Amino acid sequence: MTRQVEIVEVGPRDGLQSEPGVMPTATKVEFIERLVAAGLRRLEVTSFVNPKKVPQMADAEQVLAGLKKRSDVWYVGLVLNLKGFERAVAAGCNEIGMAVVASDTFNRRNQGVGTLESIDAWLEIAKQAHAAGVRPQVTVSAAFGCPFEGEIPVDRVIEVAKRVAEGNPSEIAFADTIGVGVPSQVTEIIGRARAALPGMKIRAHFHNTRNTGLANAYAAVEAGVSALDASAGGIGGCPFAPAATGNIPTEDLVFMLERMGIRTGIDLDALIATSEWLQGALGRPVPSMLVKAGGFPKPAPRAA
Ligand code: ZN
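Structural notes, computed from the coordinates. (Residues numbered from 1 in each chain as written. Predicted model: local features only at pLDDT ≥ 70, side-chain atom pairs only at ≥ 80, totals over all residues. Heavy atoms only, no water.)

Within the first shell, the zinc ion binds the protein through Asp-14 (OD), His-205 (NE2) and His-207 (NE2), at distances of 2.0 to 2.1 Å. Going along the chain, you hit the donors of the zinc ion in the pattern D-x190-H-x1-H. The buried category is assigned to His-205, whose relative accessible area is 7%. (Donors = N, O, S within 2.8 Å, 3.2 Å for Na, K, Ca; no water. Buried < 20%, exposed > 50% of the residue type's maximum accessible area, 1.4 Å probe, protein only.)

Here is the structure:
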């Protein structure tokens, strides 16, 4: 049986939200359309959060309005509360992602309320999403460590996951928000989550802050995740996590998985071209290695 891993592109949200400048809406729409053309079918396109806190995402509604509606593409809007959820549904997102932080301190910094209150908000959002025909999924953030509380016990991470599972999400993700995770931790957390939540689809979200991103992705695939987040070019971070840098680059992940015989459905050349285009749009180089090295070398044409 051919193995398959779904890649969720988070560059337009997690990537662009930590850029110093604000990308024009039309450029964001072009970025997303290029990613769809390269084969991405699930994309976190924006977040519906306070525009004063995250000005880069202030045009969430306009981005959605600019996108071609397609029945085979999931446009995911990140939300942190009921108000954001209502905006996302009104804007036309067919999937919403909510984040609950495993660490209470980080949850308060990021979302203004404690973890338990965010779980309650998630359960209400999930109920309303199901009723509205919008697919709801949820991320347990800072699952691999917190900049304020330090190590997060795995028991705590699993406990939060079990609580959010009560909302019947389409999937639960575990996020290494600040890029401190290592493969052994991934194996443990994903393994324990799968045991605690049989049948639940699991996704993982890694940052390459300390260069462990791809190793973690490999460990997650081996541990049985069905999906992985990545950002084109490896752009990204989190404005509320000190020194968090980019996500794992989508093209680097696609290269690794496809060479391992794991199908992603993504056209690597088109993806690299998109990240090259992105460098121009941002006016600076992106962290991705594939943008520098290209894919597997094509044999030079033999001289006659
Ligand atoms: Zn992230």
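Relative orientation of the contacting elements helix H5 (residues 104-111) and helix H6 (residues 115-132) amounts to 60°, with a least axis distance of 8 Å. Judged by residue contacts, Asp-104, Asn-107, Arg-108 and Gln-111 of H5 engage Thr-115, Glu-117 and Ser-118 from H6. (Axes fitted to C-alpha atoms, helices over the stretch in contact; angles between N-to-C directions. Helix = DSSP H or I, 4+ residues; strand = E, 2+ residues; numbered from the N terminus. Contact = heavy atoms within 4.5 Å.)

Within the secondary structure, Gln-137 sits in strand S6 (residues 135-141). Residue Gln-137 is classed as buried on the basis of its relative accessible area, which comes to 2%. Contacts of Gln-137, omitting those with residues within four sequence positions, involve Arg-42, Val-76, Glu-95, Ile-96, Gly-97, Met-98, Trp-122, Pro-169, Ser-170, Glu-171 and Arg-203.

The buried fraction of strand S3 (residues 42-48) amounts to seven of the seven residues, a majority that puts the element mostly inside the structure. The sheet contact formed by S3 and strand S4 (residues 74-79) spans six bridges and is parallel. The residue of S4 that forms the bridge with Thr-46 is Gly-77. Crossover connection from S3 via helix H3 (residues 60-66) to parallel S4: handedness right-handed. (Pairing = 2+ DSSP bridges. Right-handed = clockwise from strand over helix to strand, strands pointing away.)

Moving on: unusual backbone geometry. Phi at Ala-142 is positive, roughly 50°, even though this residue is not glycine. Summarising the element assignment, Ala-142 is placed in the loop between S6 and helix H7 (154-165). Ala-142 gets classed as buried once you look at its relative accessible area, which sits at 0%. Of note, Asn-168 is a non-glycine position whose phi angle comes to about 55°, a positive value. Checked against the element boundaries, Asn-168 lands in the loop between H7 and strand S7 (172-175).

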